[in-house]
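Architecture at a glance
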Amino acid sequence: MSQNLHTFENGFRVVTEYMPGLESASVGIWVNAGGRHENIKQNGIAHFLEHMAFKGTRNRTALQIAEEIEDVGGYINAYTSREVTAYYARVLREDVFRAIDVIGDILINPIFDKKDIEVERGVILQEIGMSLDTPDDVIFDWLQEQAYPQQALGRTILGPAGNVSNFSKDDLSLFIKENYNPNKLILSAVGAIDHDKIVKQAEGLFAMLPNATPFQLVKAKFSNGIKKVVKDLEQAHVALALEGSGYLDKDFYAGQTFASTFGGGMSSRLFQEVRENRGLCYSIFAQLSSYADTGLLTIYAGTSGDSVCELTDIIVDELKRASGDLSESEVARARTQMKAGLLMGLESSSARAERLARLVGIWGRVPPLAETVEKIDDVNLEQTRAYAERLASNGRVAMATYGPITESRSLNDVQKRMTD
């Protein structure tokens, strides 16, 4: 397998990887712009724009976009996150250029017809309503808001209904002008592909795109906060967040290792203590979500309304205990799980295409796989314990609870338990 990276003078990048034995390829354009790149009045527009991408261009109607990919058995989709928006497809070998042309057309030539805007506005408002009716979705938005209050990183990706109800064609066009610059666009293609041919096609589509003043990312600031919502649900949802590591932090892999030992699977400390030993919940997990300059170690569980205090206390106690008695075998298992997850993911051309785009977007290069594995292997017990101790000792935590909660801990209670 061979990886290649080409950068045009305007900053547009093409990264590819040929995978022998495949008859298909995954291709897409990853834009380093998402919910975090919106001002407060724009909140939700990156996601709105993703919806509008498939509604028609100067060259194709919405139906033609779908037919051109699906008529050859392909698949096309998109997603929006807080830092990235992606437009991608999977097609057979002979249809790679077709897929790139369609995705390029979507990004370069959207028309934003007023009627289509109204249709998608209704769809997104329904999506917002659905999210609010899904407790284990909305609680993470609330948690993010408490961790990063009055900051773009703390706002929802879908945006508030008030914003969505007022977005116009001019608003969409302005967001593209401000954020869809060629130096923020990465074309990634993996599978049955030819790098040189893709670069040549990309040159015709993207090499002449003009650049604009780059968006100035405001550094995120983690804050203590708590949101409690009492509602008659089947179970209580509890989520905590601690300030974790960004992608570029030196302790990023130590953070990933700790998250795995703490709540990454059935053998993790939280699962064993909270579910297996005490039977307080069906599902509990911890994960490290990283951004360009910060990250969140998030813990989530669903429990009964009268068990929220006990559950919260156990989570804090297990965090403190890990800083002192985390074992070498737990760290070794976490390292193995991380490497296995990485390598298993590489069996998918779609996962590889996304990984290449994200690596180029973060580091400006594709680190060799051996380099990543080495960094995982370099994480030791002392570093992992120190990571846990740092999280617990600073007493900084954000919380969100939702459901039929009869009693819950205050933010001061949790912080005091962490630092005592």
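No experiment lies behind these values; they were computed from the predicted model shown.

The helix and strand tally for the chain stands at 16 helices and 11 strands. Expected size for 420 residues packed as a compact globule is a radius of gyration near 22 Å; at 23 Å, the chain falls within 12% of this value. Along the first, second and third principal axes, the C-alpha atoms of the chain reach 60 × 50 × 40 Å. Sequence-distant contacts, at least 24 apart, represent 82% of the contacts inside the chain between residues at least 6 apart. Carbon together with sulfur atoms contributes 50% to the accessible area of the chain, which is approximately 18,700 Å² in total. The average position of the 44 basic charges and that of the 57 acidic charges among the side chains of the chain differ by 4 Å.

Bringing the pairing of strand β4 (residues 75-80) into the picture now. Residues Ile76, Ala78 and Thr80 point to one face of β4 and are all buried, whereas Tyr75, Asn77 and Tyr79, pointing to the other face, are not buried. Here 6 bridges tie β4 to strand β5 (residues 85-92), and the two strands are oriented antiparallel to one another. By the bridge assignment, Ile76 is partnered in β5 with Ala89. Linking β4 to β5, which pair antiparallel, is a turn of 4 residues.

The subject of this paragraph is the pairing of strand β9 (residues 284-290). Going residue by residue along β9, you find Ile284, Ala286, Leu288 and Ser290 tucked away on one face and Phe285, Gln287 and Ser289 left uncovered on the opposite face. Judged from the 7 bridges that link them, β9 and strand β10 (residues 295-303) form a sheet pairing that is antiparallel. Within β10, the residue paired with Ser290 across the bridge is Gly295. Between β9 and β10, which pair antiparallel in sequence order, lie 4 residues.

Here we take up helix α1 (residues 45-52). Of all 8 residues in α1, 8 are buried; the element is thus mostly enclosed. Along α1, the positions that sit buried rather than exposed are Ile45, Ala46, His47, Phe48, Leu49, Glu50, His51 and Met52.

Before going further, it helps to examine helix α3 (residues 96-108). For α3, built from 13 residues, the straight-helix expectation of 18 Å at 1.5 Å per residue is met to within 8% by its first-to-last C-alpha distance of 18 Å. For α3, the full list of buried residues reads Val96, Ala99, Ile100, Val102, Ile103, Gly104, Asp105, Ile106 and Leu107. Tucked into the core, α3 has its buried residues touching β3 (24-31), α2 (62-70), β4, β5, β6 (185-191) and α8 (195-206).

With that settled, consider the sheet that holds strand β7 (residues 225-230). Read from one edge of the open sheet, 5 strands run β7-β11-β8-β10-β9, paired in mixed fashion. Because the sheet does not close on itself, it has two edges, and the strands there are β7 and β9. Strand-to-strand twist across the sheet, computed as the mean angle between neighbouring axes with direction ignored, equals 10°. One ladder, built from 5 bridges, connects strand β8 (residues 236-243) with strand β11 (residues 398-403); its direction is antiparallel. Bridged to Ala241 within β11 is Ala398. Contacting β9 and β10, helix α9 (residues 252-263) runs over the sheet at an angle of about 170° to β9. Across the sheet, helix α11 (residues 308-325) touches β8, β9, β10 and β11, and the angle it forms with β8 is around 25°.

This paragraph deals with the pattern of salt bridges. Following the criterion strictly, the structure yields 28 salt bridges and no others. We note a salt bridge from Arg60 to Asp101, for which the minimum N-O separation is 2.6 Å. One end of the pair, Arg60, is in the loop between α1 and α2; the other, Asp101, is in helix α3, and 41 residues separate them in sequence. In this structure Asp101 comes out as partly exposed when scored by relative accessible area, which is 29%.

Inspection of the secondary structure assignment puts Tyr75 in strand β4. The partly exposed category is assigned to Tyr75, whose relative accessible area is 46%. Counting along the chain gives 40 residues from Tyr75 to Gly35, while the straight-line C-alpha distance between them is 25 Å. If we skip the residues at most four places from it in the chain, Tyr75 touches Ile69, Tyr88, Ala89 and Arg90. Within polar-contact distance, the side chain of Tyr75 engages the side chain of Asn77 at 2.8 Å.

The subject of this paragraph is the packing of α1 against helix α4 (residues 114-132). Packed helix pairs are characterised by how far apart their axes lie and by the angle those axes make with each other. Contact geometry for α1 and α4: axes closest at 10 Å, N-to-C directions at 125°. With respect to each other, α1 and α4 are oriented oblique. As for the relative orientation of α1 and α4, their crossing is right-handed in sense. Each of His47, Phe48, His51 and Met52 in α1 lies in contact with α4, whose residues at this interface are Asp116, Ile117, Glu120, Arg121, Val123, Ile124 and Glu127. Looking at the contact of α1 with α4 residue by residue, the classes come out as 5 nonpolar, 2 polar and 4 charged.

About the thresholds
- Residues numbered from 1 in each chain as written.
- Predicted model: local features only at pLDDT ≥ 70, side-chain atom pairs only at ≥ 80, totals over all residues.
- Heavy atoms only, no water.
- Helix = DSSP H or I, 4+ residues; strand = E, 2+ residues; numbered from the N terminus.
- Rg over C-alpha atoms; globule rule 2.2 N^0.38 Å.
- Contact = heavy atoms within 4.5 Å.
- Areas by Shrake-Rupley, 256 points an atom, 1.4 Å probe, with all protein chains shown as cover.
- Lys, Arg positive; Asp, Glu negative; His and termini not counted.
- Charge placed at Lys NZ, Arg CZ, Asp CG, Glu CD.
- Buried < 20%, exposed > 50% of the residue type's maximum accessible area, 1.4 Å probe, protein only.
- Pairing = 2+ DSSP bridges.
- Expected span 1.5 Å × (residues − 1).
- Axes fitted to C-alpha atoms, helices over the stretch in contact; angles between N-to-C directions.
- Salt bridge = Lys/Arg side-chain N within 4 Å of Asp/Glu carboxyl O.
- Polar contact = N/O pair within 3.5 Å; in protein donor to acceptor, adjacent residues only side chain to side chain.
- Parallel < 35°, antiparallel > 145°, perpendicular 65-115°, else oblique.
- Left-handed = near helix turned anticlockwise from the far one by under 90°.
- Nonpolar A, V, L, I, M, F, W, Y, C, P; charged D, E, K, R; others polar.

So far we have only geometry, and geometry alone does not tell us how the molecule works.
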